[in-house]
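If you want the building blocks of each chain, they are given just below.
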Amino acid sequence: LASKGLRPAAVANPYSLLRRLHLDLTGIPPGDEQIRQFLKASGEDAEKAYQQAVDRLLKSPHFGERWAMDWLDLGRYADSDGFEYDDPRPHAWRYRDWVIQSWNQDQSIQKFIVEQVAGDELFPTSPQSLIATGLHRLGPLRLNAGMQNEAKNRQEVLTEMTDMIGAAFLGLTIGCARCHDHKFDAFSQLDYYRLQSFFAATVAHNQPLLPKEQQELLLKRQQAWQKQSDQLTEKITALEEKHLNQISKATGQANPSAEAVEQSIHKSPADAAQHKRLQEQLQQLAREQPAPAPAIMAVADQKHPAPATYLLQRGEPGHPGESVKPGFPRLLQTSDSPQKPRITPRPVSTLESNPSSGRRAALARWLVSKEHPLTARVFVNRIWQHHFGAAIVATPNDFGAMGSAASHPQLLDWLASEFIDSGWSAKHIQRLIMQ
């Protein structure tokens, strides 16, 4: 600081310090009684009160709610698909709650990562681990009725899965290599499709939580409801078409304007009353729609054998190049001889036959290996950012050549090592920062 002509910031007063603790750890300011108790302490008691406040806030259920928000944003969490149809995702909330619970329980971030990447393969009997794989289902999903190119639709899903690995875990803009070698980082297009190949067999999977008999009963209720809805809709459409035909004859317009329809005197009182009654019935029926059967929004490797992955020219599904196998990016290899994925098919509870490919399990293990150069650094950099407002690497999603250099590289390395040695405990790092 002296070499830069700077002085340390002034010591914070106790009230500011307590407020800072609360907002950092729970996002909620302290209450009046908490402030009074904290301001009473002095000397050694003040230091003890501070440590107790840190521990209390780290144990608060609001801690997980606050810190889950940042991860959910990073993972593209949403309760609907997005784009034109924006269909609801009735089971997405289970993933949201799983993230909150993971932070509150101080689950090892090592396990936090592998459960999301391959929980179904690595922990096949755990429903919570299956919920974690919902990460792969969170991206926007385009369901365009006018575009039925299945290969292109599939490629969009695979792109979401692949790019998320780069942004969330590696802090690299690997999506730039979908269509060509990365312009700035040593990340080739071949590396991109090798990484994508880990997901070649992975598809969306909703794991039912009801017994089969209850599922069948619910399905019958849903079908009966849909039949009623369709019948009401048909009656409403028939009345509206009758009305439009009458207007067309009166105005001589094949397609009457909305204004002409609104101003018409052509609908009979009986038809108008019936139309209103049918609309009310349809609204009432909508309120009585049976809820979807409870299920886990997850993924599973349901394609056997795993489909081939091709290096796509310009990233276009219709222009396949050479066939590629799963492989780790050369940029992130820590030795001269590239590490090859150890892929073993794994039996899982989500599939009635055929083992899961084991590809995502191999990817997950590599991401959290102690020798991996980025995963731990990227994670502690995010923790630092959300405490101080600025990260050690100011571009937390881009540790590459075009990103910012670390302002304090030795600090970042020390934090990453401390993080791993603590058993990948986020709360351990946060407690250090708070102290």
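Source: prediction; values computed, not measured. (Residues numbered from 1 in each chain as written. Predicted model: local features only at pLDDT ≥ 70, side-chain atom pairs only at ≥ 80, totals over all residues. Heavy atoms only, no water.)

Draft legend 1. Spotlight on the overall build of the chain. A tally of regular secondary structure across the chain gives 16 helices and 4 strands. Relative to its length of 435 residues, the chain is extended, with a C-alpha radius of gyration of 28 Å against a globular reference of 22 Å. With respect to the principal axes defined by its C-alpha atoms, the chain has extents near 90 × 65 × 50 Å. Counting over 435 residues, the chain shows a buried share of 41%. Put simply, of all contacts in the chain between residues at least 6 apart along the chain, 69% involve residues at least 24 apart. For the chain, the accessible area works out to roughly 23800 Å², and carbon and sulfur atoms hold 52% of it. Each charge class in the chain was averaged separately, 48 positive and 48 negative side chains, and the resulting centres sit 2 Å apart. (Helix = DSSP H or I, 4+ residues; strand = E, 2+ residues; numbered from the N terminus. Rg over C-alpha atoms; globule rule 2.2 N^0.38 Å. Buried < 20%, exposed > 50% of the residue type's maximum accessible area, 1.4 Å probe, protein only. Contact = heavy atoms within 4.5 Å. Areas by Shrake-Rupley, 256 points an atom, 1.4 Å probe, with all protein chains shown as cover. Lys, Arg positive; Asp, Glu negative; His and termini not counted. Charge placed at Lys NZ, Arg CZ, Asp CG, Glu CD.)

Draft legend 2. Examining the pattern of salt bridges more closely. Under the definition given, this model contains 12 salt bridges. In this structure, Asp81 engages Arg89 in a salt bridge whose closest nitrogen and oxygen atoms are separated by 2.7 Å. Measuring nitrogen to oxygen at the nearest pair gives 3.0 Å for the salt bridge that ties Lys242 to Asp271. Placement of Lys242 in helix 10 (residues 212-251) and of Asp271 in helix 12 (residues 269-287) is noted, with a sequence separation of 29 residues between them. We classify Lys242 as partly exposed; its relative accessible area is 41%. In this structure Asp271 comes out as buried when scored by relative accessible area, which is 12%. (Salt bridge = Lys/Arg side-chain N within 4 Å of Asp/Glu carboxyl O.)

Draft legend 3. The arrangement of the packing of aromatic side chains in detail. Inspection of every chain in the model, using the stated rule, returns 16 aromatic pairs. Seen in terms of ring centroids, Trp71 and Phe169 are 5.7 Å apart; in terms of plane orientation they differ by 40°. Their pairing is tilted. One end of the pair, Trp71, is in helix 4 (residues 61-74); the other, Phe169, is in helix 8 (residues 150-170), with 98 residues separating them in the sequence. Each member of the pair, Trp71 as well as Phe169, carries the same accessibility label: buried. Ring pairs connect the aromatic residues Phe63, Trp67, Trp71, Tyr95, Trp98, Trp103, Phe112, Phe169, Phe379, Phe419 and Trp424, which therefore count as one cluster. Across from the ring centre of Trp67, 5.4 Å away, lies the NZ or CZ of Arg66, which sits over that ring. (Phe/Tyr/Trp six-rings, centres within 6.5 Å; stacked < 30°, edge-to-face > 60°. Lys NZ or Arg CZ within 6 Å of the ring centre and 35° of its normal.)

Draft legend 4. Representation of the packing of helix 6 (residues 109-122) against helix 13 (residues 359-367) within the structure. In the contact formed by helix 6 and helix 13, the axes pass within 8 Å of each other and the chain directions differ by 145°. Judged by the sense of rotation from one axis to the other, the crossing of helix 6 with helix 13 is left-handed. Contacts between helix 6 and helix 13 involve Ile113, Val114, Val117, Ala118, Asp120, Glu121 and Leu122 from the first element and Arg359, Arg360, Ala361, Leu363, Ala364, Arg365 and Leu367 from the second. Taken together, the residues of the contact of helix 6 with helix 13 sort by class into 9 nonpolar, no polar and 5 charged. (Axes fitted to C-alpha atoms, helices over the stretch in contact; angles between N-to-C directions. Left-handed = near helix turned anticlockwise from the far one by under 90°. Nonpolar A, V, L, I, M, F, W, Y, C, P; charged D, E, K, R; others polar.)

Draft legend 5. Expanded view of the state of the cysteines. If you walk through the whole model with that rule in mind, you get 0 disulfides. Between Cys176, a free cysteine, and Cys179, which holds the nearest cysteine sulfur, the sulfur-to-sulfur gap is 9.6 Å. (Disulfide = S-S within 2.5 Å.)

Draft legend 6. Inspection of the nonpolar core at higher detail. Counting 87 residues, the largest nonpolar core has Trp71, Trp103, Ile165, Phe169, Leu363 and Leu367 as its most contacted members. With residues up to four places along the chain from it excluded, the contact list for Phe169 reads Trp71, Ile113, Val117, Leu135, Met164, Leu367, Thr375 and Val378. Counting 6 residues, the second largest nonpolar core, distinct from the first, contains Trp225, Leu232, Ile236 and Leu285. (Core = buried A, V, L, I, M, F, W, Y, C linked by side-chain atoms within 4.5 Å.)

Draft legend 7. Quick peek at unusual backbone geometry. Across the junction of His304 and Pro305, the peptide omega takes the value -10°, indicating a cis bond. For Pro305, the position within the fold is in the loop between strand 2 (295-301) and strand 3 (309-312). Its identity as a non-glycine residue notwithstanding, Arg76 has a phi of 70°, on the positive side. Here the phi dihedral of Trp424 falls at roughly 60°; this positive angle occurs in a residue that is not glycine. With respect to the secondary-structure elements, Trp424 resides in the loop between helix 15 (409-421) and helix 16 (426-434).

Draft legend 8. Structural view of the confidence of the model for the chain. Looking at the chain as a whole, the pLDDT averages 91, with 95% of positions reaching at least 70. Confidence scores differ between elements of the chain, with helix 11 (residues 258-263) showing the lowest mean pLDDT of 63 and helix 5 (residues 93-104) the highest of 98. (pLDDT = per-residue confidence, 0-100.)

Draft legend 9. Spatial organisation of the packing of helix 1 (residues 14-25) against helix 2 (residues 32-40). Helix 2 packs onto helix 1 with a crossing angle of 130° between their chain directions and a minimal axis gap of 10 Å. Viewed along their axes, helix 1 and helix 2 adopt a mutual orientation that is oblique. For helix 1 against helix 2, the interelement crossing comes out right-handed. Between helix 1 and helix 2, the residues in contact are Pro14, Tyr15, Leu18 and His22 and Gln34, Ile35, Phe38 and Leu39, respectively. (Parallel < 35°, antiparallel > 145°, perpendicular 65-115°, else oblique.)

Draft legend 10. Fine view of helix 16. Among the residues making up helix 16, those that are buried are Ala426, Lys427, Ile429, Gln430, Ile433 and Met434. Buried residues of helix 16, seen end-on, are gathered within an arc of 160° and therefore sit on one face of the element. (Arc of directions from axis to C-beta.)

Draft legend 11. Quick look at helix 13. Of all 9 residues that make up helix 13, 8 are buried, and the element is covered over most of its length. Listing the buried residues of helix 13 in full gives Arg359, Arg360, Ala361, Ala362, Leu363, Ala364, Trp366 and Leu367. In this structure, the buried residues of helix 13 make contact with helix 6, helix 8, helix 9 (189-196), strand 1 (202-208), strand 2 and helix 14 (375-388).

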